Structures are given as C-alpha cells and as structure tokens.
Amino acid sequence: MESPIFALDIGTRSVTGLLLEKQQDKFSVIDYCIIEHTERSMRDGQIHNVVAVADVIKEVKDTLEERSGTVLTKACVAAAGRALKTIEATASISLLQQPITNDEQIKHLELTAVQAAQMDLAGQEKDNDYTNYYCVGYSVLHYRLDKELIGSLIEQSGEEASVDIIATFLPKVVVESLLAALARADLEMEALTLEPIAAIHVLIPESMRRLNVALVDIGAGTSDIAITDRGTVVAYGMVPVAGDEITEAISDHYLLDFPQAEATKRRIVNEGQDKVADILGFESTITYDALVADISVHVDRLAAAISDEILQLNAKSPRAIMLVGGGSLTPDLTSALANKLDLPANRVAVRGSDAIQSLVKNEHIPQGPDFVTPIGIAIAAKQNPVHYVSVRVNKKMIRLFEMKQLTVGDCLIQAGIELNKLYGKPGVASIINVNGTEITVPGSFGTAPTIYLNNKEASMDAPIKNRDDISVIAGSPGAAAEVTLEELIGEVPAMTIFYQGKAYQLQSSLYVNGQLRTKDYLIKDRDIIEWKKTQSIKDFLYSRSTENLNSTKPFICYVDNRKISIDKGETKVFLNGENVTVEQKMQHNDRLEVKSAGNPTVQDLLQQLDIEYIRTITVTFNDKRIVMKQILVSVLRGVEQLELESPVKFNDTLKVKEKSPEPFIFQDIFRFAEFDISMVNGNFKLYKNDQKTAFDAEIQTGDRLEIRWS
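Here the structure is a predicted model, which is why all the values come from computation and not from measurement.

Summarise the overall build of the protein chain; cite the residues concerned and give the values.
In terms of helices and strands, the protein chain carries 14 helices and 45 strands. Across the 710 residues of the protein chain, 46% fall into the buried class. Across the protein chain, the fraction of contacts at a sequence separation of at least 24, relative to all contacts at a separation of at least 6, is 63%.

The structure is reproduced here in structure tokens:
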C-alpha cells in the first residue's frame, strides 16, 4: 500500500496536519489534527520563533503517527505569499528529431521554463543572484505548437513545441525557516508550494479557469490571492493583512488580551454572541450585530487592501471572488468586498472543503473554509510536486529546486562558487617588444580545480542526488614564461623592402636590446627584439644602381634679385611616406620611393615664397552659385607674363609684382555670371541678402545677389 501523503498548513494562528491517500482519481482524508500556537510565533506568514513553531509541528506529527500507526518522515508544506515574486517565462524544444510521447518529456519542458524564470529573476537582483530566492511553485499558462496555442503536446507533429509558465519565488529566509522548523520536528520537506496555488488547484480546476475569478486565501497573517482568466492562472499576489488585524481590533475595542479576542471572534461567528470579561473585570455580552458595527472600520480596511491588490493584478473587477481560510469568516467581509469591487453580493462567497471535487466526501472532514488549503497542499504536492535536494558543498549545506537532473555544476552555481577563481593562476608573463609592437608571452596555464563527489573524483556534469557531498580543491598555479627566440619567432624571416612598389628580400638577423643573438636565446621580460638588415637607403640604392642620387642638387632661380631654392627642384627620398636623407636605416616592410628632380612651375615658386596668387569669394546670383576670382600677383620673365602652370627654368630671373586686394562689388558679378548685361534695363532692382542695394555695393562670400524686375 502506498504511503499516505502528509501535508502541513503552518499558519499564523495554528498548524494543521493532514493525512491523505489517493483512491484512483480522487483523494480521501485519513486523519487530521489542528493545534494552535501557544504564542505569536508566526506573523504575516513568516516564522518568527522556529523553536516554538517546531514544537507545534512535532505535536501534530506525533498525534497523527499515534492515531494512524504510520511513521511520518516527510511532509508537504506551503508558504504564504509574503514578499513573493512572480516571473513569466518560456521554454521550447525542437520536434524535428522526435515528437513528445509522454508526460515526463512535457514535465522536463515545463521545468526548463522554470529555470528560465529563475535566471530572469537573477537579472532583476542588484547582485544578479537568484540564490536569495527559492521557487515554490509554477503554473502552465499555455502550450504552443509552432507558436500557436494547443491543448496537448503529446504526439504532435511540427517544428517546435513550447510552454509558457508563471513561476512563483519566495525569499530564501521564508523557505529556510520552514525547513529549520521541519528539521527540529524530525521531518524532511517532501514538496513545497504556495498557499494560493494549493487552494486554486483544488477549487478551480482547469476547465473553470477560462473564467476571470479571484481566489483569496485569508489566513491570520496574510491574504494570498490568485486570479484565473483565459484558461489559466494569470497572476498571484499578497497583502500582509488578514484575520489578526480583526482580532487586534476586537482586543483593542473590548479590552481583551489577544487569545481571548480570537476566541471571542470565533464564538460570535459560530454562535451569534459571546459573554466576555475585559481586563478590568467588567462583563458584557457581545452580539454578532454589535461586533459588526464595532469593527466595521477595520473590516473595511481589510476589504480595501484585498480589493486594491486584486485591481492591481487584474486591472478590473473579476467576475467572482472565492474566499477560503479562517479569516474569510470575518463578519461582513463578503459584503465589504462586493461593495469595493462593485460586484453583486452573490458573486463573493466563502468556499469550504465540500467544494473540492477531487475529495471523497467524509462526515469527519470539517466543512469550513480553513480546511481547503491543507487539502490543497496535499493534493498539489502529489499531482505537481516541487522537490528540493539538499547537498553539502565544501561543508556548506545548500538546497536546490529539482527541476531537472541536477549536476555537480548546478550545485556549485547555487553555492556561489566561481570555478574560474579556483583555477590555478597562470605563470608570470613576459612583456616584450617585437619590431615596435608590444606583445605578452604568457606563462603556462594553471591546472583546473579538482572536484570530488562523495570522495570520488567527478566532472561538472556528474549527476547528484539528495544528501550528496561535494568538495572542490583549487588548481595549482602555472610556471613563468620561458620561451626562446626560435620558439617565439620560428624561422628567422628575411627583411622585405618595397622599392617603387616592388618587393626586395634582404636577409635579416635577430637583435635583442641592440645585440645580435642566436636562436636559442631565452627571452626575458622587457626585451626589445628586432629582426633587421642594417642597411641604409644609400647602400640599397647604390647596390642596385637604380638611381643617380647626385642629381639631387637644389633647383635655383632668382626673384627680384634674390636667390631662391625651390624644393620641387631636387630629387626626394621618401621612406614610408616621410621625406628622409639617404643615410636613413631601413626596417622590415619599409616602403621606399625616390622622386626624381623636375622643373618647377610658377605655382611651385609662389608656394615656396608663401605668396597668395589668387583671391576668391563664392556668392549666389539669382540662385546660382558663382565663384569670383581676383588675381593678386603677376610674374614676369622680362616682359613675358607667366601663368601659374608656366615652367620655371634653371637660373631664371623673374619679377613678382603683388597687388593689394580690392573689394568685390555687385557690378563684378557680370564678369563671372552667364548673364546678358544688355538685359539690364527697364524697371529692375538690385538685392543683396534680400535687402535693396546698388551696383557699387561691396559683396562678401556667402552673399545672395538678385536682379528683380517689376
């Protein structure tokens, strides 16, 4: 016989333990036990006193063990939605090789999407760390085949199957406190879910999730919310107010201590009235109607908090609201919620365990709303289990969400171990300069870290199981760089010189820090290495008889009785584009050009003398661009007027006459524009830059000139 499912609903007010067994497609309650906390050890769904909560859990466990005769070692639990985060994510798989044939493959696809949500959550954290959160449940939004919605992926043909999920995460502190309390009660966590997930799983089956319905689990400390629409669960939320706020209001109003106020609230709800004695000893009878009136403000606040969260999650009022949990019995809460959300009174209802369709009805099962979540925890844990694995990594206990076959690598990531920091550091590198380029010669690599799984050497992808022990030993550092010239450069290369565009090979030698070295020389840090042929340009040119460098004497002429040497009039040597002397040494891949002497022109002469030959301005005339020129100098050889392109002869005697630049006037435009001046008659006006002007008006670069006829 299959072991019963043991579920625990660890609430703010009490701990409910439940034993269920599966009977074909339904579930039957074997036994249950409810024990209240003796002190306020739970607040807002968070365990504040682990020891006190563990004592109550153990009492519940012992009671059920004694009555059932079963030893209970594992429990399914749910966490309240305090500080929960919900992330939507998608995962896909190719169907080209093989279609999906079973539920196990679909489960793997779903859990891959959960892992994607986990990584998305990591990106939202300041330190990019998802280990501060545990995944506590997920719901499938849609299955897709080639991006189109589909009901089932099994045996479907196509290119790609995908699933959209919404995963819910709780802060690590919430889950760790649950685990600590269970451990003190000699229990392991078999599965973990979220209270609204558990409740919605049993109250709103998938066939009903096309309706826009909100389920609110109102406990003592928190009110957890789940919303369905379009066939799926679309949102989860939580407000940190619930039944305890109402109890505190009763305590304050009637001067009762908290436990007495809680008992009074229950008796009035169940029996219609209660007789109480306040802390001063005065007795009074409180009726249901009086209680409703006295705490109406606080009930309204609770309803407002729940309504605001629903509207924020759903963007509108849902079609109906289901209330579960002990806090749902708060007097007049259903009416307050209906008013806040503008719903008919019959659209907000409290639902009990009798509404769970998958539960075998039993007269011993309490019918109230506070029993829905415990049953939901047990059933959800059986049908959609979310398991955790505990593994020790370097003596530190970590827990992982078992969404796939977990590996050693998964454990190291969850433990925050950065393997790249455990690799042995590389040996000290040498920084050298090779032919003017700085390069780094690294030392040898450090060794990889060694990983042990249960004291046996293992790889990163080795599978792990619950309670495995992993240790990681850092790698050893590498050796310092040790390289010879031959190992660095290989065959000593010839030096290549490009002369007038043609390549010439010159045999090279290796020099280190200016000294000739053999190929077995061991390179040291900061060495300067060159392979070169110590040959000057002059030696290179003479050895090939390619150029008579004696022709490089200056070109001389006389201007206004002054001796002028024109640069263009001599043979020039260029090395890599720079004018150099023939004594310059050459290096590998240098480019050498020799430009022979030639007769300079008047333009070369004027450039040598730094004399401006022509002045130009650019204007527009009747929307056409016009360049206007003014010659500023004349060059005469005797009486011959020379042009810019005229050659200058060796030992020429020239005269240069400079003219002072004169301003351009409007009238000058007709010397440069294609315009018939004879047309300038009749009624016309001259404009410069849209202002009236005259023929003798000065003009500048950029001016806009026009002739307009009336």
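Having put the structure on the table, let's press on.
I'd like to hear about the sheet that holds strand S36 (residues 614-621), residue by residue, with values.
If you walk across this open sheet you meet the five strands as S37-S36-S45-S42-S43, and the pairing is mixed. The outermost strands of the open sheet, each flanked by one partner alone, are strand S37 (624-631) and strand S43 (691-693). Ignoring strand direction, the axes of neighbouring strands in this sheet form an average angle of 35 degrees. As paired strands, S36 and S37 are joined by eight bridges and run antiparallel to one another.

I'd like a rundown of the environment of Tyr558, residues and numbers included.
Counting through the fold element by element, Tyr558 comes out in strand S31 (residues 555-559). Each C-alpha atom of the pair Tyr558 and Lys655 lies 8.4 Å from the other, and the pair is 97 residues apart in sequence.

I'd like to hear about the nonpolar core, residue by residue, with values.
Leu8, Ile10, Ile57 and Leu203 are the most contacted members of the largest nonpolar core, which has 66 residues in total. Once residues lying within four places of it in the same chain are set aside, the contact partners of Leu8 are Val15, Thr16, Gly17, Ile57, Val60, Ala75, Cys76, Val77, Ala78, Leu182, Leu187 and Ile377. In terms of nonpolar packing, the next biggest core, distinct from the first, is built from 34 residues, Ile227, Val234, Val276 and Leu291 among them.

I'd love a proper account of helix H5 (residues 243-254), names of residues and values included.
Compared with an ideal rise of 1.5 Å per residue, which puts twelve residues at 16 Å, H5 spans 17 Å between its outermost C-alpha atoms and is within 8% of the ideal. Buried within H5 we find Gly243, Asp244, Ile246, Thr247, Ala249, Ile250, Ser251 and Tyr254. Residues of H5 that are buried sit in contact with strand S12 (213-218), helix H6 (258-271), strand S16 (283-287), helix H7 (288-294) and helix H8 (296-314).

Explain the packing of helix H1 (residues 50-68) against helix H3 (residues 172-184) to me, and be specific about the residues and the numbers.
Where H1 contacts H3, the two axes come as close as 8 Å, and the packing angle between them is 50 degrees. The angle between the axes of H1 and H3 places the two elements in the oblique class. Where H1 crosses over H3, the two elements pack in a sense that is right-handed. Side by side, H1 and H3 meet where Val50, Val51, Val53, Ala54 and Ile57 of the first sit next to Ser177, Ala180, Ala181, Leu182 and Arg184 of the second. Broken down by class, the residue content of the contact of H1 with H3 amounts to eight nonpolar, one polar and one charged.

So, the environment of Gln641: which residues are in play, and what are the values?
Inspection of the secondary structure assignment puts Gln641 in strand S39 (residues 640-642). In this structure, the C-alpha to C-alpha distance between Gln641 and Lys655, residues 14 residues apart in sequence, is 9.9 Å. If we ignore the near neighbours within four places in the chain, the residues touching Gln641 are Ser634, Val635 and Leu636.

Summarise the side chain of Asp217; cite the residues concerned and give the values.
Along the polypeptide, Asp217 turns up in strand S12. At 13 Å, Lys265 is the nearest oppositely charged side chain to Asp217, a buried residue that forms no salt bridge. A distance of 2.7 Å separates polar atoms of two side chains, one belonging to Asp217 and the other to Thr373. Contacts of Asp217, omitting those with residues within four sequence positions, involve Glu195, Thr222, Ser223, Asp224, Val324, Gly325 and Thr373.

Quick rundown of the side chain of Asp278? Include the residues and the values.
Following the sequence through the fold, Asp278 ends up in the loop between strand S15 (273-277) and S16. Buried and unpaired, Asp278 has no salt bridge, with Lys275 as the nearest side chain of opposite charge at 13 Å. Among the polar contacts listed, one links the side chain of Asp278 to the backbone nitrogen of Leu280, at a separation of 2.9 Å. If we skip the residues at most four places from it in the chain, Asp278 touches Tyr254, Leu255 and Leu256.

Could you give an account of H8, naming the residues involved and the relevant values?
With 19 residues, H8 extends 26 Å from end C-alpha to end C-alpha; this agrees with the ideal 27 Å at 1.5 Å per step. Taken together, the buried positions of H8 are occupied by Val299, Leu302, Ala303, Ala304, Ile306, Ser307, Glu309, Ile310 and Asn314. The secondary structure elements touched by the buried residues of H8 are S12, strand S13 (223-229), strand S14 (232-239), H5, strand S17 (320-324) and helix H9 (333-340).

Which residues make up the sheet that holds strand S1 (residues 5-10), and what values do they have?
Here five strands make up an open sheet; going across it, the order is S3-S2-S1-S6-S11 and the pairing mixed. Both outer strands of the open sheet, strand S3 (26-36) and strand S11 (188-194), are each paired with one neighbouring strand and no more. The mean inter-strand angle of the sheet, taken between neighbouring strand axes irrespective of direction, is 25 degrees. Packing of H1 onto the sheet brings it into contact with S1, strand S2 (14-23) and S3, and relative to S3 it is tilted by some 130 degrees.

Before we move on, can you summarise the pattern of salt bridges with the specific residues and values?
Under the defined criterion, the tally for this structure stands at 21 salt bridges. A salt bridge links Lys465 to Asp468; the shortest N-O distance between them is 3.3 Å. What makes Lys465 exposed here is its relative accessible area of 53%. Relative accessible area serves as the criterion here: at 5%, Asp468 is assigned to the buried category. Note that Arg708 and Glu706 form a salt bridge whose closest N and O atoms lie 2.9 Å from each other. Residue Glu706 is classed as buried on the basis of its relative accessible area of 19%. Linked through salt bridges whose partners overlap, the residues forming this network are Glu36, Glu262, Lys265 and Arg266.

Reading the values: the criteria
Residues numbered from 1 in each chain as written. Predicted model: local features only at pLDDT ≥ 70, side-chain atom pairs only at ≥ 80, totals over all residues. Heavy atoms only, no water. Helix = DSSP H or I, 4+ residues; strand = E, 2+ residues; numbered from the N terminus. Buried < 20%, exposed > 50% of the residue type's maximum accessible area, 1.4 Å probe, protein only. Contact = heavy atoms within 4.5 Å. Pairing = 2+ DSSP bridges. Axes fitted to C-alpha atoms, helices over the stretch in contact; angles between N-to-C directions. Core = buried A, V, L, I, M, F, W, Y, C linked by side-chain atoms within 4.5 Å. Expected span 1.5 Å × (residues − 1). Parallel < 35°, antiparallel > 145°, perpendicular 65-115°, else oblique. Left-handed = near helix turned anticlockwise from the far one by under 90°. Nonpolar A, V, L, I, M, F, W, Y, C, P; charged D, E, K, R; others polar. Lys, Arg positive; Asp, Glu negative; His and termini not counted. Salt bridge = Lys/Arg side-chain N within 4 Å of Asp/Glu carboxyl O. Polar contact = N/O pair within 3.5 Å; in protein donor to acceptor, adjacent residues only side chain to side chain.

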